[in-house]
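# Breakdown of the fold
What follows is each chain in one-letter form.
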Amino acid sequence: MKVLNFTLMPYRSMDVAASKEHRSAWVVLPNTFYDPEKGAHDYESYIDLLAQSEPLGFDGVCVNEHHQTAYGLMPAPNLIASALIQRTKKIKIAILGRALPLVNNPINIAEEFSMLDNMSRGRIIAGFVRGIGAEYHSTTVNPFYSHERFHEAHDLIVKAWTQPGPFAWEGEHYNLNYVNLWPRVYQQPHPPIWIPSQGSIETIEWATDPCRKYPFLVTFSAREAVIKNLLAYKDQAQKYGYEAQSSQLGWAAPVYVADTLEQAMSESRAAIEALFNDYLTLPMEMLLPPGYTSVESLKKIIATKKAIGRGGFGGANQRQSLERLMELGTVLVGTPKTILNQIEEVKAKTNLGNFVAMLQFGTLSNELTQRNQAMFASEIMPKLQSMA
Amino acid sequence: MTDPINLSSTYRVGDVKLNVRRAGQGRPILFLHGAGGVTEWTPFFSQLAKSHDVWVPDHPGFGMSEDPSFIKNMSDLAMFYLDFLDTHAPEGGFDVVGHSIGGWLAAEIATRNSQHIHSLTLVSSAGLRLEGTPMGDVFIWNAEESIKNLIFDPLVQEKRLQAQPTPEEAEIIVKNKFTFAKLAWYPRLFNPDLKKWLHRIKVPTQVIWGEHDGLIPQAYAKLWAEALNTDVCHVLSECSHSPLNEKPAETAQLITSFLGKLAS
């Protein structure tokens, strides 16, 4: 199994009590909540923490994109990826991902990934996402055309990476006379493309298609939903007439490990509960704007997301407790043994091949993150990496 | 209130099946609905139907009409309705009444071609932007906020909050919302190119607004009246964004008397 280290880079100094006067920690939370001194400190810390991944033995580090929110400070994840390229030599740098529909010229994304691929001599994993619903509010891109734009942008980027330029693109959403990437990508035929998702039917069907076979990464979901989605991926692959490889199956989850269960819970509680209750506060209208999902998918997502806290679901004001999140398996908190057992359980059922450990989350301090990373890397990771 | 009798029938425009409710006799009115669609034959329609042949189509993608994928934006919808008018408009044409995005649609149609249009009544119309006076963010509001911002009377708000849609109604609500987003998410509820062409509308026009419109502020009434070069502009007191339902008798009366004057 491949193991990667990930943080959302949350703004840890958010005034939580004051933030509750606003609809969400996304889109409408005034940026006067952001103190540049504290934010600069967060950036420095997070880059330092992720850079330790290489000496600790991780297979890669991950960054991702979110806009106008205290939840994650990476509206331009490729900037962080670029910094990490300079701080590492061997490991993969996974951008999970860039939100394709949110830009008006996808070639910008193709070019940036190409640059990173050259600068890292082929260490880039290119994640493609649609962005979450709130980002259609912040960018004003029409959610009704989210899927169409995603697919067309994807086709355009892959063609730009693999076909000699210049060529013309005559599309529904994008029309370009000259597609001619300088630089070309370093990896051939192109950097690996991963699809992080919370499991929409359309996404699974599309990612498994034999002409793509893109690794699927289930994020932020209860254990049952992770298993269900990975099995859905495998089923779909079988329908297409092939067996999904373990390298196509991934899971991303917050992890906190300590010598005892009590210690793990007491050290992670505030940070995890902040992540799920204070940072991931998205009323339905922001999370799922009209057209962002099909009606069918909408129903399924609502079921999955029961796992992720009030946040997901406006209305239910009950705080999501650490105990509840652990019980659902949305977060993995415990001793090396219990955490390994939980991952092994999913592995046994799904043949999971990529595990993305979110080892800094919410308000978790540098000190605790460092301890968490070190212990995860020494006590858990080698056993995962030795699994087929 | 539900339809006293089934007033719906299917009209074809090209390959598209359109559901149209129709009742009454007299000078024909074409009513173009807003984003919420039309769920029933309301007192507003009943009153108009006393003296008019009232046509109320569900736009493509709304209500019980089909949802053709070739309609991608408001411009397509306007062209579609020109086809509708060519095919189905009565001999003498229509007086057109449009509410909210239906008002916007009416203006888009009439700037292109008013051949089948005698007059235009725009009620709480979307379609223009008044710099410095933003519309409400109807897509970010939850159900409760929407009701409070779109309806003036607290008692009616309360009733609406208690209402539970049937599964069939819920499905139509979702369908309407999806099409609403397709047409109006960006640019949000307006067409930046519309205002400069409104001078092409030569038919008589009137503007009706709710004084306390929580979505498209009352100041937009004046903007529309000026852009259409009309002095027929009515602002209804104790009314928000839904004059048709909040002030059905008054709104219908304004329309019938406006049309009466045109006829005489």
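### A word on the environment of M9(A)
Residue and element names in this part refer to chain A. Mapped onto the elements of the fold, M9 is located in the loop between β1 (2–6) and α1 (16–19). Between the C-alpha atom of M9 and that of G72, which follows or precedes it by 63 residues, the distance is 4.9 Å. Those residues in contact with M9, other than ones at most four positions away along the chain, are D42, Y46, G72, L73 and M74.

### Remarks on the pairing of strand β9 (residues 249–257) of chain A
All names here are of chain A. β9 sits mainly inside the fold: nine of its nine residues count as buried. Alignment of strand β8 (residues 216–219) against β9, held across four bridges, turns out to be parallel. Along β9, the bridge assignment pairs L217 with G250. For the segment spanning β8, helix α9 (residues 223–239) and β9, crossover handedness is right-handed.

### A short note on helix α14 (residues 336–350) of chain A
Residues and elements named next belong to chain A. Taking 1.5 Å of rise per residue, 15 residues should cover 21 Å, and α14 covers 21 Å from first to last C-alpha, within 8% of that figure. Considered for burial, the residues of α14 that qualify are I339, I343, V346, K347 and T350. Projected onto a plane normal to the axis of α14, the buried residues spread over an arc of 105° and lie on a single side. In this structure, α14 carries K337, N341 and A348 as exposed residues pointing more than 90 degrees from its buried face. Considering only its buried residues, α14 is in contact with α9, β9, β10 (332–334), β11 (354–358) and α15 (366–385). Looking at the residues trailing α14, positive phi occurs at N351, about 65°.

### Considering the packing of helix α5 (residues 107–119) of chain A against helix α7 (residues 146–162) of chain A
Residue and element names in this part refer to chain A. At a minimum axis distance of 9 Å, the contact between α5 and α7 shows a crossing angle of 45°. When the axes of α5 and α7 are compared, the pair comes out oblique. Crossing angle aside, the handedness with which α5 passes α7 is right-handed. Of α7, the residues touching α5 (which contributes I107, I109 and A110) are I157, A160 and W161.

Basis of the calculations
- What you see as residue numbers is a count from 1 along each chain, following the sequence as written.
- Following the order in which they are written, the chains are lettered starting with A and the ligands numbered starting with 1.
- In keeping with the predicted nature of the model, local features appear solely for residues at pLDDT of at least 70, side-chain atom pairs appear and are counted solely at 80 or more, and the whole-chain, interface and lining totals rest on all residues.
- A helix here means a DSSP run of H or I that spans at least four residues, while a strand means a run of E at least two residues long, and both kinds are numbered starting from the N terminus.
- We call two residues in contact whenever the C-beta atoms placed from their backbones are within 7 Å.
- Three exposure classes are used, based on other C-beta atoms lying within 10 Å of a residue's own C-beta, which is placed from the backbone: buried for 20 or more, exposed for 12 or fewer, and partly exposed in between.
- Being paired, for any two strands, means DSSP has found at least two bridges between them.
- Convention used here: a crossover is right-handed provided that the path from the first strand, over the helix, to the second strand proceeds clockwise when the strands point away from the viewer.
- The length a helix should cover is 1.5 Å for every residue beyond the first.
- The arc in question is traced by the directions running from the helix axis to the C-beta atoms.
- The axes are straight lines fitted to the C-alpha atoms, using for helices just the contacting stretch, and the angles between their N-to-C directions are given from 0 to 180°.
- Working rule for angles: under 35 degrees goes down as roughly parallel, over 145 as roughly antiparallel, 65 to 115 as roughly perpendicular, anything else as oblique.
- Note on convention: near helix rotated counterclockwise from far helix by under a right angle means a left-handed crossing. Clockwise means right-handed.

From the geometry alone we can't say anything about function, so treat these as descriptive.
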